[in-house]
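Okay, here's what each chain looks like letter by letter:
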Amino acid sequence: MAPVITLTAVTLLARLAGLLGADALTDWQLCLRIGLAAMFTLTGAVHFHPKFRTDMARMIPERLPAPALLVALTGVLELAGAAGLLIPATATAAALCLAALLVAMYPANYSAAKRGIPLAGSPATPIGIRTAEQALFIALCVLAAL
């Protein structure tokens, strides 16, 4: 839920700043990129928190090797993508790469939901909600790339 709240709040605050006179923030697509960057900064940083890192490693499907390494790799990719969204020259590529990353990470999210794996003491997210969130994030990354 925190990623959805972060994405929504930061996007809306950026857009509000644009409406209040911040000329650079009058573009809805830039505001969306800022919101996505905030969300991916949050989710990427969580990959390195000891409690979340252990839970995330448990989310990785058992057939994949080195779950801790995959958690670290995806965290680095999320943080790099967040930075890339804020640089005009790389924003489109970063948004598309983050969409691809979300597609690649879906099996871990599906596996976690199916096996009822909670994240840091929160209840496990049902498959339907997890799938809808992932689809929303992918769609917003694609919109940010257009």
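Everything below is about the structure printed above this text.
Only a predicted model underlies this, so the values are computations on that prediction, with no experimental measurement involved. (Residues numbered from 1 in each chain as written. Predicted model: local features only at pLDDT ≥ 70, side-chain atom pairs only at ≥ 80, totals over all residues. Heavy atoms only, no water.)

S.K.: Could you clarify how one ought to interpret the overall build of the chain in this entry?
M.R.: The number of helices and strands found in the chain is six helices and zero strands. Going residue by residue from the N terminus, the α and β elements of the chain occur as α-α-α-α-α-α. Taken over the C-alpha trace, the chain has a radius of gyration of 16 Å; the compact-globule value for 146 residues is 15 Å, and the two agree within 12%. Along the three orthogonal principal directions, the C-alpha set of the chain runs to about 50 × 30 × 25 Å. Counting the 146 residues in the chain, one finds 38% classified as buried. Taking the contacts inside the chain whose residues are at least 6 apart along the sequence as the reference set, 67% of them involve residues at least 24 apart. Surface accessibility of the chain: about 7,700 Å² in total, with carbon and sulfur atoms responsible for 75%. Computed over 9 positive and 6 negative side-chain charges, the inter-centroid distance for the chain is 10 Å. (Helix = DSSP H or I, 4+ residues; strand = E, 2+ residues; numbered from the N terminus. Rg over C-alpha atoms; globule rule 2.2 N^0.38 Å. Buried < 20%, exposed > 50% of the residue type's maximum accessible area, 1.4 Å probe, protein only. Contact = heavy atoms within 4.5 Å. Areas by Shrake-Rupley, 256 points an atom, 1.4 Å probe, with all protein chains shown as cover. Lys, Arg positive; Asp, Glu negative; His and termini not counted. Charge placed at Lys NZ, Arg CZ, Asp CG, Glu CD.)

S.K.: Just checking my understanding: could you explain the packing of aromatic side chains for this structure?
M.R.: Where two aromatic rings form a pair, the distance of their centres and the angle of their planes describe that pair. One pass over the full model with this rule turns up one aromatic pair. Seen in terms of ring centroids, tyrosine 106 and tyrosine 110 are 6.0 Å apart; in terms of plane orientation they differ by 45°. Their pairing is tilted. Taken together, the positions of tyrosine 106 and tyrosine 110, both in helix H5 (residues 91-115) and four residues apart, correspond to about one turn of that helix. Classification of tyrosine 110 by relative accessible area gives partly exposed; the value is 35%. (Phe/Tyr/Trp six-rings, centres within 6.5 Å; stacked < 30°, edge-to-face > 60°.)

S.K.: Sorry if this is basic, but what is going on with helix H2 (residues 28-46) here?
M.R.: For an α-helix, 3.6 residues make a turn, and residues three or four places apart therefore share a direction. With 19 residues, H2 ought to run about 27 Å at 1.5 Å a step, and its terminal C-alpha atoms sit 27 Å apart, in line with that. When we look at burial in H2, the residues that qualify are Gln29, Cys31, Leu32, Arg33, Gly35, Leu36, Ala37, Met39, Phe40, Thr43, Gly44 and Val46. In this structure, the buried residues of H2 make contact with helix H1 (2-19), helix H3 (50-59), helix H4 (67-85), H5 and helix H6 (127-145). (Expected span 1.5 Å × (residues − 1).)

S.K.: Would you explain the side chain of threonine 11 in this entry?
M.R.: Tracing the backbone shows threonine 11 in helix H1. Among the polar contacts made by the side chain of threonine 11, one reaches the main-chain carbonyl oxygen of leucine 7 at a distance of 2.7 Å. (Polar contact = N/O pair within 3.5 Å; in protein donor to acceptor, adjacent residues only side chain to side chain.)

S.K.: Can you help me understand a nonpolar patch on the surface in this one?
M.R.: Taken together, the side chains of Trp28, Leu96, Val142, Leu143 and Leu146 present a nonpolar region at the surface, about 500 Å² in accessible area. Position of leucine 96 among the secondary structure elements: in helix H5. Among the residues examined, leucine 96 registers a relative accessible area of 46% and is labelled partly exposed. (Patch = residues over 30% accessible without salt bridge, like charges linked within 9 Å, V, L, I, M, F, W, Y side chains within 5 Å. Salt bridge = Lys/Arg side-chain N within 4 Å of Asp/Glu carboxyl O.)

S.K.: How should I be thinking about the nonpolar core in this particular structure?
M.R.: Here is a general trend for soluble globular proteins: nonpolar side chains tend to be buried in one another's company. Membership of the largest hydrophobic core comes to 20 residues, with the highest contact counts inside it found for Leu7, Leu36, Phe40, Leu85 and Cys141. Contributions of two or more residues to this core are made by H2, H4, H5 and H6. Among the elements that make up this core, the one with the highest residue count is H5 (seven residues). For cysteine 141, the contacting residues outside a window of four places in its chain are Leu36, Phe40, Ala95, Leu98, Ala99 and Leu102. (Core = buried A, V, L, I, M, F, W, Y, C linked by side-chain atoms within 4.5 Å.)

S.K.: What's the story with the environment of alanine 139 in this structure? I'm lost.
M.R.: The residue alanine 139 is located in helix H6 in this model. A relative accessible area of 39% means that alanine 139 is categorised as partly exposed. For the pair alanine 139 and alanine 99, spaced 40 residues apart in sequence, the C-alpha separation works out to 7.7 Å.

S.K.: Before we go on, may I ask you to explain unusual backbone geometry in this structure?
M.R.: In most cases, non-glycine residues show a negative phi, while peptide bonds are predominantly trans. A positive phi angle, near 50°, is found at alanine 66, a position not held by glycine. Relative to the helices and strands, alanine 66 is located in the loop between H3 and H4.

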